[in-house]
Each structure stands twice: as structure tokens, then as C-alpha cells.
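# Fold and contact review
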Amino acid sequence: MESTLKDMRDGATVLDMDPKSTVGGGVEDVYGEDRATEDQILTPWTVSIASGYSLLRNPQHNKGLVFTERERDAHYLRGLLPPTIATQELQEKKLMNNIRQYQLPLQKYMAMMELQERNERLFYKLLVDNVEELLPVVYTPTVGEACQKYGSIFRRPQGLYISLKEKGMILDVLKNWPERNIQVIVVTDGERILGLGDLGCQGMGIPVGKLSLYTALGGVRPSACLPITIDVGTNNEQLLKDEFYIGLRQKRATGQEYAELLHEFMTAVKQNYGEKVLIQFEDFANHNAFELLAKYGTTHLVFNDDIQGTASVVLAGVVAALKLIGGSLDEHKFLFLGAGEAGTGIAELIAQEMSKQTKAPLEETRKKIWLVDSKGLIVSSRKDSLQHFKKPWAHEHEPVKDLLSAVKAIKPTVLIGSSGVGKTFTKEVVEAVASFNEKPLILALSNPTSQSECTAEEAYTWTKGRAIFASGSPFDPVEYDGKVYVPGQANNAYIFPGLGLGLVISGAIRVHDDMLLAASEALAGQVTEELFHKGLIYPPFSNIRKISAQIAANVAAKAYELGVATRLPRPANLVKYAESCMYSPIYRQYR
């Protein structure tokens, strides 16, 4: 990916920094951090003592019935709570019982969001302890439906909304957020929410959901996380006519107007929060996603989960799957359906890992990877009409118009779907792949479930149980011919929380592709022999915090090695250090 972006930057890389700023494997503070973290002026009425009624209404500090007799006396809570004193475990049991009563996933989502607004630590306790059950509720696939209906279910703001109305005032808007020490920002402009298209301002559900996972799965403090939606309008006519729509009622701003707003935002973020704040671009359309990553990759700590996070988690699955399908990475042939952010990002990272393993030039390893877009196989005769991020994948071959013909021509061992279009891995396509592979690796990555290229049941049935299958959204286990198959989930939540934690604990100021490879290798290393016997290529989410600590340690080690880490000296044991930095949702005792 860095090589593609380097072309867009006229040869500049994320490591092109003044050598004077590099010391002992880290980087001196030459970026004016003091300015960003110095006390900001607050008007007196914005400060209140967290006690009594206000304490019960503060989600960061509220414990509900768990407040002890002593705490109730010390903090003026007598009479404001029923007399019983509960435990956090009892609260968790009651709430999980309540959530399981709801029939609709959106009802469960709304119950979880209400809990987050009322009792933050209890929300994260539920999410950490029941991650496999609640992850599909707070994130994909339910968050997609929540975004579609966000205007109707909107209760209170959970992040910052920056619209064209705030142009020229973005720094002041950032200062309106109550927390000062922000470490991770997830920002979207709502143009390409999952596989659902342009949802405008209602895309806020995505940054909110992502950051709840940064905390639950990666241990980043909730107070250090900031969800932001940049509202430049929407081209979704249905939303523009919806009386409950909460965003600007205008067509999307583009060109210079869009670029100027984004540049003001990026400048203001660094000015307000410093050099080490991670800015994760989320669900931007292709034409903006690559440009933003190229433009700000050398000046800010930026990461695009759709391009880089997806690539990292898929590479980990592919590397792990080699234990099941045999051979080394460079011995396999890859065919992608979809050549957008996700497809080209995954392809590039796989090519880089091949290059790293075989010492072959990147141009050579790319030739093992083929992409199909809406116009057919990407080949050299189409090069002049291709977008810049597709050009590296235009190989010598006669034109091929559809996926089935491409499968028959290329004969891939690995079939990957990132098209955002459901039901595109048809029976004919899957059977063709299975016809020349003993164990075909099929990854149907598009979200939400309705947009998946094929279902787990289809993949196992059409290959007579021979497929190694993983998807972007979760599928239930499938029984075929007397055997139960458990599909894997190539969920970005395996990667980005650990990656973010690694960047935070090392004080990194840039994201480099080698960090993504380090994250992939750490994740692939967590798949045990027992899991391989079950046909799984990803570890269970129940171990996600330990997995995130391993990923964070690998990423931090690479940051120190590359000289982009600022937290000196380097901790002796990065895994233990990562674990010690993780947020705990257990209640604190108040004096």
C-alpha cells in the first residue's frame, strides 16, 4: 500500500522526516506537543462537582446500586437510590437477561447505547465479558441498520458533528468537546457506510461503534476516544426527503470546498490534540479515501480501516489458512471480486508479504494476484481508463467480462470478495473454484450479511464440505453431511483495536505498512492447532484482549524499530506493558 501511496505523493514516504528529530529509536518532541496539551480556558459554569444527583447522571462515574453505604454518605446519595446494595456481576446478569429478551437486533443495539449513555463501565463490562454475543449488536451487522434509522433513534449526541456550517471554526468546535487528552479519533463523512451507500450525517453510528471496540477489545480509555462525523451533505434522495434526517439537507460538497474543509479539520486536530493522536478514516468513498491517506500519511498519524485494517485481517487469515491448504504464500494464485479500497488494499498487503518472504520485487509478486471490477478482469489493455489505485493490478491477459469466466481463466486457489454486492459468488463460480482445488479458500468479506458474496451454507454445500470459509459478517455454524462447520469471521475488530493500542503505547507519529504486516503476523500466530482441526483460520473473539495485547506489542516494536516512536525509553516487555495500559471496566472505589 505504501508503494501505491508513494506514487501519489511524488515519491515521499511516511518515514521521510528530518533526521535531527530521530533519537535512540524514537522521535524528539519537535511538533509542539506542549501547545496541544496545555490547559485550555474553561468558563466556570462548565465545571461541576460529581456528587449527589449529578454523579448518578454522569455515565463515566455512575455505579447505580453498587454504590456502598460509605459512598452514599460521602457523595450525598442517600435517598437518591433504593436501599439495596448490588454487585457489578449482578447488574451484568440482569442486563444480559433483559437484552436477550429483545427479538430484534436493533432493539438490542438501542438497549446497549442507552446503557453506554447511563453507565459507561457497566456497558464495557458487558461487552468485554460477552464479546461474541454482543459484537454483532454494537457493530456489524446491526450498526448498519442503526445508521439507516439513526435519525429516528437519535437520542443524544455521542460525538462531534462538524458540518460545512462550521467552516473556519473547526478548532473552536473541537474545544467544545469536554475531554482534552484524546488519543484516537474515528472520523467518517458517511459517503460509503458498509455496503449501504451514502448515509450522510447518519453515518455517526460507525465511529461510535468502532470506538466502543477500541475500548472493549483494545483497552483504549473511553475518555481518550472521540467519534466525529464530517457532514458535507448527502446524495441520498431518500434521506433528503426524510423529515427525521439529522444532517445538512443539501447535495454533497466536492472538489475544493470538500478539500478545504478536510484540511482545516486535519490542521485543527493536530493543533488541538498534538502529533500523537491517531486519526482513523472510516467509510469514505474510494475517490476520497486514497487521496486522504496519501495526502496526510506523511504529516499525521492516520489509518484507513477499510483499506489497511481489512487488508491486515485478511492477510492474517490467508497466512493461517496455509496450514490447511498447504504451500507457501507465493505458490498460491488470488482472484478478487471488487477492486475498491478493500480489494486493492488486501491485494497490496498480500503482495508485500510475498515480497518480504521471497525477497522478490513487489512488481513480480503482484502478478500472482488478479482483480475483477464491474467491467471485468483488470488487464493491461484497460490501463489508460483505470483509476490510479487499480493500475498496479493491470496484468497481461486477454479481456474477460465476468467473474465466472475469470475463475475459469485464472484458476485461483483463493477467491476473495470485497465487492459490496451480495450473491455474486454463485453456485457456478464456487463449483468452478472447487473443481481445481482440494481445499479452496473462499473469503466473502462484504458487509452487512445481506451483502455477503455468498453464505457459509452455500460455500460448504457447493464445495461438498471442502471449502475453508470466512466472511465479513458473522454466520451461524453449518451442518453438512453429518459434520458441523464453524465459519470464520474476517472481522477488522481483530486488528484495529490492537493496532491502535500499539500506536498509543509507543507514542507513534506515523503508520507504516510494516506495522500492518506486524499486526497480521501477530494475529495469524494466535491460531492454535486445535482451531486448525476445526477448519478455523481466526482465533475466537473470547480471547480478543490477549490477542490485542500481542498485536499492540508487535506494532509498538515495529514503531521503535522504524524510529517513529516517541515514548522513551522503550519498555522491556511490550506485551506486559500493553496489558498494563488496558482500560478495565471494573468499578472504582470512591472515597
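Cut-off values and rules
Residues numbered from 1 in each chain as written. Predicted model: local features only at pLDDT ≥ 70, side-chain atom pairs only at ≥ 80, totals over all residues. Heavy atoms only, no water. Axes fitted to C-alpha atoms, helices over the stretch in contact; angles between N-to-C directions. Helix = DSSP H or I, 4+ residues; strand = E, 2+ residues; numbered from the N terminus. Parallel < 35°, antiparallel > 145°, perpendicular 65-115°, else oblique. Left-handed = near helix turned anticlockwise from the far one by under 90°. Contact = heavy atoms within 4.5 Å. Nonpolar A, V, L, I, M, F, W, Y, C, P; charged D, E, K, R; others polar. UniProt positions renumbered as here; feature names shortened; annotations may be inferred. Polar contact = N/O pair within 3.5 Å; in protein donor to acceptor, adjacent residues only side chain to side chain. Salt bridge = Lys/Arg side-chain N within 4 Å of Asp/Glu carboxyl O. Buried < 20%, exposed > 50% of the residue type's maximum accessible area, 1.4 Å probe, protein only. Pairing = 2+ DSSP bridges. Core = buried A, V, L, I, M, F, W, Y, C linked by side-chain atoms within 4.5 Å. Right-handed = clockwise from strand over helix to strand, strands pointing away. Disulfide = S-S within 2.5 Å. pLDDT = per-residue confidence, 0-100.

## Some details on the packing of helix α12 (residues 205-216) against helix α22 (residues 496-506)
- Between α12 and α22, the shortest axis-to-axis distance is 8 Å and the interhelical angle comes to 65 degrees. Taken together, the axes of α12 and α22 are roughly perpendicular relative to one another. Of the two possible hands of crossing, α12 and α22 adopt the one that is right-handed. Listed contacts from α22 to K210, L213 and Y214 of α12 are F496, P497 and G500.
- The residue inventory of the contact of α12 with α22, partitioned by class, reads 4 nonpolar, 1 polar and 1 charged.

## Some details on the UniProt feature "binding site: (S)-malate" (unreviewed entry) in the chain
- In the numbering used here, UniProt assigns the "binding site: (S)-malate" (unreviewed entry) feature to R192, N447 and N491.
- Of note, R192 is situated in the loop between β4 (184-188) and α12.
- With respect to the secondary-structure elements, N491 resides in the loop between β16 (488-489) and α22.
- In contact with N491, other than residues within four places in its own chain, are L135, T140, V313 and F541.
- One polar contact links the side chain of N491 to the main-chain amide nitrogen of A493, over a distance of 2.8 Å.

## Some details on the pattern of salt bridges
- Counted under the stated rule, the structure contains 27 salt bridges.
- The shortest N-O distance in the salt bridge between R78 and E69 comes to 2.6 Å.
- For R78, a relative accessible area of 48% corresponds to the partly exposed category.
- Between E348 and R366 there is a salt bridge, with the nearest N and O atoms lying 2.9 Å from each other. Of this pair, E348 sits in helix α17 (residues 341-358) while R366 sits in the loop between α18 (362-365) and β9 (369-373); the two residues are 18 residues apart in sequence, bridging distant segments of the chain. No difference in accessibility class separates E348 from R366, as the two residues are buried.
- Salt bridges sharing common partners tie together R192, D283, D306 and E341.

## Section: the sheet that holds β9
- Strand order across the open sheet formed by 7 strands is β10-β9-β8-β11-β12-β13-β16, with mixed pairing between neighbours. Looking at which strands have only one partner, the edges of the open sheet turn out to be β10 (376-377) and β16.
- Taken together, the 4 bridges between strand β8 (residues 334-337) and β9 define a ladder with parallel strand orientation. Residue pairing across strands places L337 opposite V372, the latter belonging to β9.
- Packing of helix α16 (residues 305-325) onto the sheet brings it into contact with β8, β11 (414-417), β12 (441-444) and β13 (468-471), and relative to β12 it is tilted by some 155 degrees.
- Each of β8, β9, β10 and β11 touches helix α19 (residues 403-410); the most contacted strand, β8, lies at about 175 degrees to it.

## Let's talk about the nonpolar core
- Judged by nonpolar contacts, the single largest core of 127 residues is most densely connected at Y214, F334, I350, I369 and I537.
- Broken down by element, the residue count for this core peaks at 11 residues, all from α16.
- Counting residues in each nonpolar core, the second largest holds 38 residues, with I182, I230, V232 and A294 among its members.

## Brief notes about the side chain of S51
- With respect to the element layout, S51 can be found in the loop between α2 (33-37) and α3 (52-56).
- Apart from the residues within four sequence positions on either side, S51 is in contact with H75 and Y76.

## As for the pairing of strand β6 (residues 278-281)
- Side-chain alternation along β6 places L278 and Q280 on one buried face and I279 and F281 on a second face that is also buried.
- Sheet topology places β4 next to β6; 4 bridges connect them, and they run parallel. Paired with V187 across the two strands is F281, which belongs to β6.
- Running through helix α15 (residues 286-296), the crossover from β6 to the neighbouring parallel element strand β7 (residues 302-304) is right-handed.

## Brief notes about the state of the cysteines
- Counted by the stated rule, this structure contains 0 disulfides.
- With no disulfide partner, C201 has as its closest neighbouring cysteine sulfur the one in C147, 11 Å distant.
- Left unpaired, C225 is separated from the closest cysteine sulfur, that of C581, by 14 Å.

## Quick notes on the confidence of the model for the chain
- Per-residue confidence for the chain gives a mean pLDDT of 91; residues scoring 70 or more make up 93%.
- Confidence drops under a pLDDT of 50 for residues 34-39, and excluding neighbours within four residues, the segment shows 7 contacts in the predicted structure.
- pLDDT under 50 marks residues 42-47. Its contacts with residues more than four places away, or in other chains, come to 2 contacts.

## A word on the side chain of R252
- In this structure, R252 sits in the loop between α13 (237-240) and α14 (255-273).
- Under the relative-accessibility criterion, R252 is labelled buried at 8%.
- A polar atom in the side chain of R252 sits 2.7 Å from the backbone oxygen of D189.
- Not counting chain neighbours up to four residues away, the residues in contact with R252 comprise D189, G190, E191, D198, G200, V232, G233, T234 and N235.

## Focus: the UniProt feature "binding site: a divalent metal cation" (unreviewed entry) in the chain
- Mapped onto this numbering, the UniProt entry annotates "binding site: a divalent metal cation" (unreviewed entry) at E282, D283 and D306. Spanning 25 residues, the named residues form one tight spatial group whose C-alpha atoms are at most 6.8 Å apart.
- Structurally, E282 can be placed in the loop between β6 and α15.
- Judged by its relative accessible area of 1%, E282 is buried.
- E282 has contacts with Y139, V186, V187, T188, D189, I206, K210, D305 and D306, leaving out every residue within four places of it along the chain.
- Mapped onto the elements of the fold, D283 is located in the loop between β6 and α15.
- Discounting residues that sit within four places of it in the chain, D283 has contacts with T188, D189, G190, E191, R192, I193, L194, I206 and D306.
- In terms of polar contacts, D283 uses its side chain to reach the backbone amide nitrogen of L194, at 3.3 Å.

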